[in-house]
Amino acid sequence: MIIDGKALAKQKRAEMAQIVQELKAMGVTPGLAVVLVGEDPASEIYVRNKHKACEEVGIYSRVIKLPEDTKEEDLLKLIDELNQDSALDGILVQLPLPKQIDSDKVIERILPSKDVDGFHPVNAGKLLTGQTGFVSCTPLGILELIKSTGIDISGKEAVVIGRSNIVGKPVAHLLLQENATVTICHSKTKNLKEVCQRADILVAAIGKPQLITADYVKGGAVVIDVGINRLPDGKLVGDVAFETVKEKASYITPVPGGVGPMTITMLLANTLLSAKNRV
Ligand code: NAD
């Protein structure tokens, strides 16, 4: 079965539009600020899509564009202002930032209670210790996609390939919270294929086109493909060889149309959660 991320995202957004109406009736309009520094074309598209998604569900969205040569201290000053702005429940700074700006410093300046991207060390620490905080959007979306299959995650062997702070590590912790037995693989893992073959749930967040072929996959596994890779011919593919792996997996996400649509949806969900906390 193919897990349709687009359809799930649509359903979740319709539910959220309803919640926004309820919040508005109570006098609260959820608000999100997205800060873009520079003119990176991919970042421009991401920011535009986030703005559009907010408008769709009725969230107030403020996009702030700053020039490429913005000084770190000026960006930090802006974050301080946004932290104090009561119309905003969430603040997101689009990454990557130009090289004169230390992204860690910027992320740490955002109030953890407005860090809807879940990148602040306080929120990362809350995930690690099982406390309630903001979890980053792609991992949250991945968990929703797995849950949408109806499988019981508890006790399953889960293998996550990739250990980045924004995908691999948080996904592994979310699966651990759901009582899966979790293994994290990375570029130095020696027997990747053998480890993957154990997985009832396999999450590939590598960034290597179609690295995971059918011989890595246990029959009946749930396969979540996070990778977004552009081939020389312009085609977009994931980290999983979809056509052959789909014959072996019980459930699989396509690229595009799997994890991608859920990422922005979870950003909206986090913004709503923050607005509810305000109420
Ligand atoms: P990253 O480069 O920070 O991390 C990649 C990870 O893969 C690293 O931990 C590395 O150790 C591991 N790795 C690299 N080569 C490997 C190999 N041969 N064998 C095993 N492990 C290997 O990337 P990231 O930010 O975690 O993103 C991963 C992929 O997911 C990228 O393609 C990215 O574009 C995509 N992504 C998609 C979304 C989405 O919304 N769909 C969001 C974030 C990232």
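Reference entry: report on the structure contained in this document. (Residues numbered from 1 in each chain as written. Predicted model: local features only at pLDDT ≥ 70, side-chain atom pairs only at ≥ 80, totals over all residues. Heavy atoms only, no water.)

**Section: the overall build of the protein chain**
Part 1 of the reasoning: A tally of regular secondary structure across the protein chain gives 10 helices and 10 strands.
Part 2 of the reasoning: Taking 279 residues into account, the globule formula puts the C-alpha radius of gyration at 19 Å, and the protein chain, at 19 Å, falls close to it.
Part 3 of the reasoning: For the protein chain, the spread of C-alpha atoms along the principal axes amounts to about 50 × 40 × 40 Å.
Part 4 of the reasoning: Looking at the 279 residues of the protein chain, the share that counts as buried comes to 48%.
Part 5 of the reasoning: Counting every atom, the protein chain has about 13,500 Å² of accessible surface; 53% of that belongs to carbon and sulfur.
Part 6 of the reasoning: Each charge class in the protein chain can be summarised by its mean position, and for the 33 positive and 34 negative side chains these summaries are 2 Å apart. (Helix = DSSP H or I, 4+ residues; strand = E, 2+ residues; numbered from the N terminus. Rg over C-alpha atoms; globule rule 2.2 N^0.38 Å. Buried < 20%, exposed > 50% of the residue type's maximum accessible area, 1.4 Å probe, protein only. Areas by Shrake-Rupley, 256 points an atom, 1.4 Å probe, with all protein chains shown as cover. Lys, Arg positive; Asp, Glu negative; His and termini not counted. Charge placed at Lys NZ, Arg CZ, Asp CG, Glu CD.)

**Things to note about the nonpolar core**
Across soluble globular proteins, you tend to see nonpolar side chains buried next to one another.
Part 1 of the reasoning: Of all hydrophobic cores here, the largest spans 49 residues; its most connected members are I59, I142, I146, L175, V203, I224 and V226.
Part 2 of the reasoning: Among the elements that line this core, the one with the most residues is helix α10 (residues 259–278), at 8 residues.
Part 3 of the reasoning: Formed by 19 residues, the second largest nonpolar core is a distinct cluster that contains C185, C196, I212 and V245. (Core = buried A, V, L, I, M, F, W, Y, C linked by side-chain atoms within 4.5 Å.)

**Concerning the pairing of strand β5 (residues 181–185)**
Part 1 of the reasoning: Pairing of strand β4 (residues 157–161) with β5 involves 5 bridges; the strand directions are parallel. From the neighbouring strand, E157 faces β5, where its bridge partner is T181.
Part 2 of the reasoning: As a crossover connection, the stretch from β4 through helix α7 (residues 168–177) into β5 is right-handed. (Pairing = 2+ DSSP bridges. Right-handed = clockwise from strand over helix to strand, strands pointing away.)

**Some details on the site of the ligand**
Part 1 of the reasoning: Around the ligand, the structure places 22 residues, and the nearest of them are R163, S164, S187, I228 and T263.
Part 2 of the reasoning: Between the ligand and H186, the relevant distance is 3.4 Å, taken from a nitrogen atom to a main-chain nitrogen or oxygen of the residue.
Part 3 of the reasoning: Here an oxygen atom of the ligand and a backbone polar atom of V226 are 3.4 Å apart.
Part 4 of the reasoning: Relative to its unbound accessible area of 860 Å², the ligand is 72% covered by the protein chains.
Part 5 of the reasoning: Considering each element in turn, the shell around the ligand owes the most residues, 3 residues, to α10. (Near = heavy atom within 4 Å. Polar contact = N/O pair within 3.5 Å; in protein donor to acceptor, adjacent residues only side chain to side chain.)

**Some thoughts on the sheet that holds strand β1 (residues 31–37)**
Part 1 of the reasoning: Read across the sheet, 3 strands follow the order β2-β1-β3 without closing on themselves; strand pairing throughout is parallel. Looking at which strands have only one partner, the edges of the open sheet turn out to be β2 (60–66) and β3 (90–93). For this sheet the average axis-to-axis angle between neighbouring strands, irrespective of direction, equals 15°.
Part 2 of the reasoning: As judged from the 4 bridges shared by β1 and β3, these two strands associate in the parallel manner. Each residue of the ladder has a partner; that of A33, found in β3, is I91. (Axes fitted to C-alpha atoms, helices over the stretch in contact; angles between N-to-C directions.)

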